[in-house]
Amino acid sequence: MATGKKDIRALTKEQLREFFVKEGDKAFRGNQVYEWLWQKGAHNFEDMTNISKETRQKLEDNFVINHIQVDQMQRSSDGTIKNAVRLHDDLIVESVLIPTKTRTTACVSSQVGCSLDCKFCATARLKRMRNLNPDEIYDQVVAIDNESRLYHNRPLSNIVFMGMGEPLMNYNNVIKAIDKITSPEGLGMSPKRIVVSTSGVPKMIKKMADDAVKFKLAVSLHSAIDEVRTSIMPFNATFPLNDLREALQYWYSKTKNRITYEYVVWDAINDKRKDVEALVEFCKFAPSKVNLIEYNPIDDGEFQQANSKAIDMYVSVLEKNNITVTVRRSRGKDIDAACGQLANKS
Ligand code: SAH
């Protein structure tokens, strides 16, 4: 949309109030418009029915509302919903609604494509096109919340930043979006219900700790042996496990928040005793738990999920060492909505 007008949602409430004062109106008008934009999710200035026609025209002349659009919605047989979301510049990202008996979780994207190069992830093949703005992240959550109410008769309960992109490579915008999601002027959601998942950018993990963020942290570990991890997640050569470990210790010392490690066990890659032993050692540095996630094939067959014997070995060794471990089944596979499958196929 090359109108040259400013996206009104890039303005803070204070800036909106100032705009109205400059236009000879009351500052309070800024509050009203802000509420329309964020709490009521208005897509158009015409929707703002308690604002006079002249004022709406003034807004129209100065601003645009760059709202996302759900281009396509796919529903899985297990209740999972995947949205293909069109941005104002026609790029597409995907977000997913995952219902269980007790919760509805939104899995949202933070970048178009991804900056990282994990060999087992479909999004990595798209390369990073750009970072999402705070409002583009926020809008994905609102869209999923609406779908949750419509199809599952309940509001959204949890959010995971496990869609496309590396959230810590778009840190400022992710934080701004979370501020809005948790603020009473936005969705008023508790930060404890939000998980930011990262491949592990040590410097940014430390920054999060310094910023005293209140959401939870998950790290996609997949191997606690540098050589193995670098072979499947090449950026590990730049951010080796030692640096990651040190950053996670710092995180725990500051936040006292336990860390979740996401981990896929693959055949002939990390399915041996030495692999789980290295993981046990890694888990000792800071209180943590391990989520063993199912591998979702991304079609060239290079990676195969390990057999159930290997998974059982992981579970028993971890449990023997008093490390909490859960085994997660994938959701939404039939519509390519599971972890690592988001690649704008359609
Ligand atoms: N960049 C962030 C968030 C996106 S990936 C991160 O790395 O954490 C979300 C999760 O899906 C990560 O744990 C990732 O390792 C995992 N994942 C990626 N591809 C996968 C695949 N094909 N099967 C299963 N999990 C995968």
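Calculation rules
- Residues numbered from 1 in each chain as written.
- Predicted model: local features only at pLDDT ≥ 70, side-chain atom pairs only at ≥ 80, totals over all residues.
- Heavy atoms only, no water.
- UniProt positions renumbered as here; feature names shortened; annotations may be inferred.
- 1 Å grid on protein atoms, 1.4 Å probe; cavity = no way out; pocket = protein on both sides within 12 Å on 5 of 7 lines; lining within 4 Å.
- Helix = DSSP H or I, 4+ residues; strand = E, 2+ residues; numbered from the N terminus.
- Near = heavy atom within 4 Å.
- Polar contact = N/O pair within 3.5 Å; in protein donor to acceptor, adjacent residues only side chain to side chain.
- Areas by Shrake-Rupley, 256 points an atom, 1.4 Å probe, with all protein chains shown as cover.
- Sits in = over half its atoms within 2 Å of the grid points.
- Nonpolar A, V, L, I, M, F, W, Y, C, P; charged D, E, K, R; others polar.
- Patch = residues over 30% accessible without salt bridge, like charges linked within 9 Å, V, L, I, M, F, W, Y side chains within 5 Å.
- Salt bridge = Lys/Arg side-chain N within 4 Å of Asp/Glu carboxyl O.
- Lys, Arg positive; Asp, Glu negative; His and termini not counted.
- Charge placed at Lys NZ, Arg CZ, Asp CG, Glu CD.

The name recorded for the chain in an unreviewed UniProt entry is Probable dual-specificity RNA methyltransferase RlmN, from Algibacter marinivivus. Of the chain, the UniProt comment under Subcellular location (unreviewed entry) reads exactly: "Cytoplasm". Quoted verbatim from the Sequence similarities (unreviewed entry) field of UniProt, the annotation for the chain is "Belongs to the radical SAM superfamily. RlmN family."

Peer 1: Can you walk me through the UniProt feature "active site" (unreviewed entry) in the chain in this structure?
Peer 2: The UniProt record annotates "active site" (unreviewed entry) at Glu94 and Cys339. In three dimensions, the annotated residues from a span of 246 residues occupy one location, with a maximal C-alpha spread of 11.6 Å. Filtering the just-named annotated residues for those lining the largest cavity gives Cys339. Along the chain, the position of glutamate 94 falls in strand β5 (residues 92-99).

Peer 1: How do you make sense of the site of the ligand when you look at a structure like this?
Peer 2: In the vicinity of the ligand there are 21 residues, among which Ser197, Ser199, Ser220, His222 and Asn296 approach most closely. Between the ligand and histidine 222 there is a distance of 2.6 Å, counted from an oxygen atom to a side-chain nitrogen or oxygen. In the complex, 96% of the free accessible area of the ligand, which totals 540 Å², lies under the protein chains. Because more than half of its atoms lie within 2 Å of the grid, the ligand is assigned to the largest cavity. Residue classes in the shell around the ligand are distributed as nine nonpolar, nine polar and three charged.

Peer 1: Looking at this structure, how should I read a positive patch on the surface?
Peer 2: Together, Arg103, Lys192, Arg193, Lys214, Lys216, Arg258 and Arg328 make up a positively charged patch on the protein surface. Along the chain, lysine 214 falls in the loop between α6 (202-210) and β11 (216-220).

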